[in-house]
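Descriptive analysis of the structure
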Amino acid sequence: AKRIAELQDLASREAETWSEIVTLIEEKKAASYDKAVALLVKLRHLADYQGRTADYQTRVASLQGRYANRSAFRDRLQRAGLI
(Lines give C-alpha, C1' and ligand atoms only; values in the text may rest on other atoms or scores of the structure.)
Protein backbone atom coordinates (compact mmCIF):
# COMPACT_ATOMS: atom_id res chain seq x y z
CA ALA A 1 0.00 0.00 0.00
CA LYS A 2 2.87 2.35 0.82
CA ARG A 3 4.50 1.71 -2.54
CA ILE A 4 1.24 2.36 -4.41
CA ALA A 5 0.81 5.63 -2.50
CA GLU A 6 4.36 6.64 -3.44
CA LEU A 7 3.70 5.83 -7.10
CA GLN A 8 0.46 7.80 -7.10
CA ASP A 9 2.25 10.77 -5.53
CA LEU A 10 4.94 10.54 -8.21
CA ALA A 11 2.27 10.32 -10.91
CA SER A 12 0.84 13.65 -9.75
CA ARG A 13 4.19 15.32 -10.37
CA GLU A 14 5.50 13.27 -13.28
CA ALA A 15 5.97 16.20 -15.68
CA GLU A 16 7.91 18.15 -13.07
CA THR A 17 10.06 15.10 -12.40
CA TRP A 18 11.03 14.77 -16.07
CA SER A 19 11.96 18.48 -16.08
CA GLU A 20 13.99 18.03 -12.90
CA ILE A 21 15.88 15.16 -14.54
CA VAL A 22 16.89 17.38 -17.46
CA THR A 23 17.96 20.13 -15.07
CA LEU A 24 20.09 17.66 -13.10
CA ILE A 25 21.75 16.30 -16.26
CA GLU A 26 22.51 19.84 -17.42
CA GLU A 27 24.52 20.44 -14.22
CA LYS A 28 27.19 18.01 -15.52
CA LYS A 29 28.02 16.79 -12.00
CA ALA A 30 28.37 13.22 -10.78
CA ALA A 31 26.00 13.73 -7.85
CA SER A 32 23.42 15.28 -10.16
CA TYR A 33 23.68 12.34 -12.56
CA ASP A 34 23.11 10.00 -9.61
CA LYS A 35 19.98 11.92 -8.60
CA ALA A 36 18.71 11.97 -12.19
CA VAL A 37 19.16 8.20 -12.54
CA ALA A 38 17.44 7.60 -9.18
CA LEU A 39 14.45 9.60 -10.43
CA LEU A 40 14.49 7.69 -13.71
CA VAL A 41 14.33 4.42 -11.78
CA LYS A 42 11.30 5.71 -9.87
CA LEU A 43 9.67 6.78 -13.13
CA ARG A 44 10.34 3.31 -14.56
CA HIS A 45 8.44 1.78 -11.64
CA LEU A 46 5.61 4.25 -12.25
CA ALA A 47 5.52 3.38 -15.96
CA ASP A 48 5.39 -0.32 -15.12
CA TYR A 49 2.57 0.30 -12.63
CA GLN A 50 0.61 2.36 -15.19
CA GLY A 51 1.32 0.05 -18.12
CA ARG A 52 3.16 2.82 -19.99
CA THR A 53 6.55 1.17 -20.35
CA ALA A 54 6.85 1.98 -24.06
CA ASP A 55 6.35 5.71 -23.43
CA TYR A 56 8.95 5.61 -20.70
CA GLN A 57 11.49 3.79 -22.88
CA THR A 58 10.97 6.36 -25.64
CA ARG A 59 11.67 9.23 -23.25
CA VAL A 60 14.78 7.55 -21.82
CA ALA A 61 16.06 6.87 -25.35
CA SER A 62 15.51 10.54 -26.14
CA LEU A 63 17.53 11.58 -23.10
CA GLN A 64 20.23 9.09 -24.01
CA GLY A 65 20.46 10.53 -27.51
CA ARG A 66 20.35 14.14 -26.34
CA TYR A 67 23.17 13.54 -23.85
CA ALA A 68 25.12 10.91 -25.77
CA ASN A 69 28.34 12.86 -25.24
CA ARG A 70 28.09 12.46 -21.45
CA SER A 71 29.70 9.11 -20.83
CA ALA A 72 29.37 9.35 -17.03
CA PHE A 73 25.61 9.75 -17.36
CA ARG A 74 25.40 6.92 -19.89
CA ASP A 75 27.43 4.66 -17.58
CA ARG A 76 25.01 5.35 -14.74
CA LEU A 77 22.04 4.53 -16.99
CA GLN A 78 23.67 1.22 -17.89
CA ARG A 79 24.48 0.33 -14.28
CA ALA A 80 20.88 1.02 -13.30
CA GLY A 81 19.67 -1.23 -16.11
CA LEU A 82 17.82 1.60 -17.85
CA ILE A 83 19.52 1.09 -21.21
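Small disclaimer: the values here were computed from a predicted structure and weren't measured.

A few words on the packing of helix α2 (residues 14–26) against helix α4 (residues 53–66). Between two packed helices, the angle of one axis relative to the other and the distance separating the axes together describe the packing. One can describe the packing of α2 onto α4 by two numbers: an axis separation of 12 Å at closest approach and a directional angle of 20°. By the angle between their directions, the pair α2 and α4 is classed as roughly parallel. Helix-helix and strand crossings are classified by hand; for α2 and α4 the assignment is right-handed. Facing W18, I21, V22, I25 and E26 of α2, the residues of α4 in contact are Y56, R59, V60, L63 and R66.

Put simply, helix α3 (residues 30–50) and helix α5 (residues 71–79) touch, their axes get as near as 10 Å, and they point 35° apart. Here α3 runs over α5; the crossing is right-handed. The residues of α5 that touch α3, namely those facing A30, Y33, D34, A36, V37 and L40, are A72, F73, R76 and L77. Tallied by class, the residues present in the contact of α3 with α5 amount to eight nonpolar, no polar and two charged.

A few words now on the pattern of salt bridges. Note on pairing: side chains with opposite charge can pair once their charged atoms come close. For the structure shown, the criterion picks out five salt bridges. We note a salt bridge from R66 to E26, for which the minimum N-O separation is 3.8 Å. Remark: E26 occurs in helix α2 and R66 occurs in helix α4; sequence separation between them is 40 residues. Three or more residues are tied together by salt bridges with common partners; here these are E14, R52 and D55.

Summed over the entire model, instances satisfying the criterion amount to three aromatic pairs. Measuring from ring centre to ring centre gives 6.4 Å for Y67 and F73, while their planes differ by 85°; the resulting arrangement is edge-to-face. On the basis of relative accessibility, which here comes to 3%, the residue Y67 falls in the buried class. Here the aromatic residues Y33, Y67 and F73 are joined through ring pairs into a cluster of three or more.

Now for α3. Its 21 residues place the ends of α3 30 Å apart at the C-alpha level, agreeing with the 30 Å of an ideal helix rising 1.5 Å per residue. Three or more residues of α3 are buried, namely S32, Y33, A36, V37, L39, L40, V41, L43, L46 and A47. Those residues of α3 that are buried are in contact with α1 (2–12), α2, α4 and α5. One or two residues past the end of α3 sits G51, with phi positive at roughly 75°.

Conventions adopted
- Residues numbered from 1 in each chain as written.
- Predicted model: local features only at pLDDT ≥ 70, side-chain atom pairs only at ≥ 80, totals over all residues.
- Heavy atoms only, no water.
- Axes fitted to C-alpha atoms, helices over the stretch in contact; angles between N-to-C directions.
- Helix = DSSP H or I, 4+ residues; strand = E, 2+ residues; numbered from the N terminus.
- Parallel < 35°, antiparallel > 145°, perpendicular 65-115°, else oblique.
- Left-handed = near helix turned anticlockwise from the far one by under 90°.
- Contact = heavy atoms within 4.5 Å.
- Nonpolar A, V, L, I, M, F, W, Y, C, P; charged D, E, K, R; others polar.
- Salt bridge = Lys/Arg side-chain N within 4 Å of Asp/Glu carboxyl O.
- Phe/Tyr/Trp six-rings, centres within 6.5 Å; stacked < 30°, edge-to-face > 60°.
- Buried < 20%, exposed > 50% of the residue type's maximum accessible area, 1.4 Å probe, protein only.
- Expected span 1.5 Å × (residues − 1).

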